[in-house]
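Secondary and tertiary structure notes
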Amino acid sequence: MAGDTTTTVGATPVVSEYTQALAKRVIRKIDGRVLLIMFVTYNLNFMDKTILSSASVFGLTEDNHLVGTQYSWVSSIFYFGYLLYEYPTTILIQRLPISKYLTVVTFCWGAVVAVTAACSSFGGLATCRFLLGVAEATISPAFVYITSMWYTRDEIPSRTGVWFAGNSCGGFLASLLAYGIGQIEKPLHPWQWMFIIFGVATSVQSFVIFFFLPDTINDAKFLNEEEKQYAEDRVVLGGTGKTDPINSEWKMDQVLECFMDPKTYFFAAISVLTQIPNGGTGSFGNLALKSFGFSSLESTLVTLPASVIAMSTILGTGWLAGRFRNITTFLIIAVVIPPVVGSAIIFSVKGKGVRLFAYYCLQTGPGALPLTLGLVSSNYKGVTKKMTVTAVLFLTYCAGNIAGPQTFKSAEKARGYPTAFKAILICYGLVFLVSLSLRVYLTLVNRSRDKQEGIASLESPAANDKKELTAEDYEDVTDLKTLGFRYRM
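Residues numbered from 1 in each chain as written. Predicted model: local features only at pLDDT ≥ 70, side-chain atom pairs only at ≥ 80, totals over all residues. Heavy atoms only, no water.

**Here we look at the pattern of salt bridges**
Pairs can form between side chains of opposite charge once their charged atoms are near each other. Test applied: Throughout this description, the term salt bridge denotes a Lys or Arg side-chain nitrogen within 4 Å of a carboxyl oxygen of Asp or Glu. Secondary structure elements follow DSSP: runs of H or I no shorter than four residues count as helices, runs of E no shorter than two count as strands, and numbering proceeds from the N terminus. In this scheme, a residue with accessible area under 20% of its type's maximum is buried, one over 50% is exposed, and one in between is partly exposed, where area comes from a 1.4 Å probe on protein chains only.
With the rule as written, the count across this model stands at 17 salt bridges. Close ionic contact of lysine 385 with aspartate 479 constitutes a salt bridge, the shortest N to O distance being 3.0 Å. Of this pair, lysine 385 sits in helix H18 (residues 383-406) while aspartate 479 sits in the segment after helix H19 (418-453), and the two are 94 residues apart along the sequence. Each member of the pair, lysine 385 as well as aspartate 479, is classed as buried. Overlapping salt bridges bring together Glu257, Asp261, Lys263, Lys385 and Asp479 as one network.

Spelled out as C-alpha cells, the structure:
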C-alpha cells in the first residue's frame, strides 16, 4: 500500500511500527462513530426508563387510577422484565450480528414507550413497563461487549464513562423536556405526550444503529483495510482479546470458571448495593422533591443540577480511571461518600433548602456503576466468561432496582421517606467496604501470580518487547489461563 509505513512478518502486522498518526486517526474514527452512537442511545435508554418519575407528577398516577403501593410496583416491574431477559440476551449478543440485533431491540423498545401513552389502568401500565424492561435488557450488556470489542484496557474506563454518562445527560434532557411538555394540556395530557415523543425518538435512533454501527471491526466501512487491521491488533495486544460475535462459541467451561471466580461476587455485591438507591431515587426522585416542599414544575427543574453533577462525576472519574490504571476501587469509594452524608442529612434534618443540597449529594453515587463496568471489562478475558459476568452484573442490577422503589413507603410521604434514605445510607456504606475488600483481594491475586509465574506482567516494559502477534494471541482464553495477565484495581 502506497505510503504505508507498516512492516509485516508473514501475514501478521508488526504492531509496534504503526505510526502515531495512524493510531490517533483510528481511535478518532472509532470514537466519532461507535462511541457517539452508544452515547446517544444510552441517553434515550435512560430517558425512556425514568420518564415515569416526571410523568408521575403530571397526572399519570391519577389517570391510571394508581392507589397504595401500585406506583412502586409499576416502577419495580420494569426490572422483572429486565431480569427475565437478561441472561438469554447475553447469549444472543454473542451469537447474533450485534448491530442488527440492537436495531430490532431499540425499535421495539421505542414502540413500547410510545404505546404507554394509551394506558389507563394499573394493569396496562404494568404490562408496558414489563415489556420495556425486556426490550431494554439488551442495551447495557451489549454496550459493555462493544466497548471491549473496540477499545484497549487503558481506554475502556473512560469510554464506558462517556456512554454511561448518557444516563445523566438523558436525565438532564428528560427534565428539561418534561418541563416544556408539562405545560401542554390538549388534546392529550402532558404525561402522554412525554411517552409519545420519547418513544418516537427512540424508534428513529434504531435506524441510525442499523445504518451506521458495524457488527465487527472487519465490517467497519469508515475504516480502510490498514486501519481495520490496526484496530483489531490493538485490542488483542492492549485489550482483553479479540471479540468476534459471529464466530465465538459459547463455552460452558468459561461459564463455570466465572462462577468459581471470587471477584465475580465482589462485582455482584457492588452492583446490587448501588442499584437499590438508584432504583428508588430513579422512580421516586420527583415525588421525594415534592415531599420536600417543591411544586410539580419546580421538582422537574431542580433535578437539572442533579443530572449535571452525576454526568460530571461519571465523566471525571472515568477519565481518571483510564489515566491511572489502579485507582478505580478508590474512585468507587470516593463517589459513594457524598451520598452517605447526603442521605443522613435528608432523614435527620428538616428544611427545604438543606434537603435539596443533600439530595444533590446523592448524585455522585451513580458514578460507581460505570466504574465497576469498566473494571469488569478490563479484568475478564474469554468471550463467554465476560458475557456471563456481565449477565450476573445486570441480574443483580435488576434485583437492586426492584428492591429500591419498595423502600419508598407511601405512608412516609409527608415525612420525606425516611426509611428510603436510611436504606441509601446503609447500601452506599457497604459499597465502601466491599470496594476496599475487592482491592485487597486483587492485590493479593496479582502478587500470587507474580510469584507463581516468575515473569513480568503483560503490561511490563519486558512484555513490550514482543513485536509479532501469533495465532495464540487471537485465541478465546480466559484471564485465569493467560500467562502474564494482571488485574486492574
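**Some thoughts on the packing of aromatic side chains**
For clarity, the threshold we go by: Side-chain rings of Phe, Tyr and Trp, where Trp is taken by its six-membered ring, are said to pair if the distance between their centres is within 6.5 Å; with planes under 30 degrees apart they count as stacked, over 60 as edge-to-face, and otherwise as tilted. Two limits define a charge over a ring: the Lys NZ or Arg CZ must be within 6 Å of the ring centre, and within 35 degrees of the ring normal.
Under the definition given, this model contains 19 aromatic pairs. Between tyrosine 79 and tyrosine 82, the ring centres sit 6.1 Å apart and the planes meet at 35°, which makes this aromatic pair tilted. On the criterion of helical spacing, the pair formed by tyrosine 79 and tyrosine 82 is a turn pair, its members being 3 residues apart in helix H3 (residues 70-95). Judged by its relative accessible area of 6%, tyrosine 79 falls in the buried class. If you follow lysine 263 out to its NZ or CZ, it ends over the ring of tyrosine 380, 4.4 Å from the centre. A cation sits over an aromatic face here: arginine 323 above phenylalanine 324, 5.0 Å from the ring centre.

**Some thoughts on the packing of H3 against H18**
To keep it simple, the criterion reads: Note on definitions: angles span 0 to 180 degrees between N-to-C directions of axes, and those axes are lines fitted to C-alpha atoms, for helices only across the stretch in contact. Angle categories: roughly parallel below 35 degrees, roughly antiparallel above 145, roughly perpendicular from 65 to 115, and oblique for all the rest. All residues other than Ala, Val, Leu, Ile, Met, Phe, Trp, Tyr, Cys, Pro, Asp, Glu, Lys and Arg, Gly among them, are scored as polar; the first ten of these are nonpolar and the last four charged.
The interhelical angle for the contact between H3 and H18, taken along N-to-C directions, is 175°, at an axis separation of 8 Å. In terms of orientation, H3 and H18 fall into the roughly antiparallel class. The class makeup of the residues in the contact of H3 with H18 is 16 nonpolar, 10 polar and 1 charged.

**What about helix H14 (residues 303-323)?**
Just so we agree on the cut-off: Multiplying one less than the number of residues by 1.5 Å gives the expected span of a helix.
Here H14 is 21 residues long and its end C-alpha atoms lie 30 Å apart, about the 30 Å a rise of 1.5 Å per residue gives. Listed in full, the buried residues belonging to H14 are Thr303, Leu304, Ala306, Ser307, Ala310, Thr313, Ile314, Thr317, Gly318, Ala321 and Gly322.

**Section: the packing of helix H11 (residues 252-260) against H18**
Test applied: By definition, turning the near helix anticlockwise from the far helix through less than a right angle yields a left-handed crossing, and turning it clockwise yields a right-handed one. Every residue pair with non-hydrogen atoms within 4.5 Å of one another is taken to be in contact.
The interhelical angle for the contact between H11 and H18, taken along N-to-C directions, is 50°, at an axis separation of 8 Å. In terms of axis orientation, H11 runs oblique to H18. H18 is crossed by H11, and the crossing has right-handed handedness. Counting all contacts with H11, which are made through Gln254, Val255, Glu257, Cys258 and Phe259, the residues of H18 involved are Val383, Thr384, Lys385, Thr388, Val389 and Val392. Looking at side-chain class alone, the contact of H11 with H18 contains 6 nonpolar, 3 polar and 2 charged residues.

**Focus on the nonpolar core**
Using the following cut-off: Residues enter a nonpolar core if they are buried and are Ala, Val, Leu, Ile, Met, Phe, Trp, Tyr or Cys, with the set joined through side-chain atoms within 4.5 Å. All domain edges in this entry derive from an automatic or database-based domain assignment.
Ranked by internal contacts, the top residues of the largest apolar core, which has 121 residues, are Leu102, Phe143, Ile146, Trp150, Trp163, Phe195 and Phe421. Looking at this core element by element, the count peaks at 14 residues for helix H1 (residues 20-56). Here this core spans two domains, since at least three of its residues come from each of domain 1 (18-243) and domain 2 (248-452 + 474-488). Excluding anything up to four places from it in sequence, leucine 102 contacts Thr138, Ile139, Ala142, Phe143, Ile146, Ile209 and Leu213.

**Here's the deal with the side chain of aspartate 261**
For aspartate 261, the location among the structural elements is in the loop between H11 and helix H12 (262-292). Take aspartate 261: its relative accessible area is 3%, and that puts it in the buried class. In this structure, aspartate 261 is in contact with Tyr380, Lys385, Tyr441, Asp479 and Leu480, ignoring residues within four places of it in sequence.

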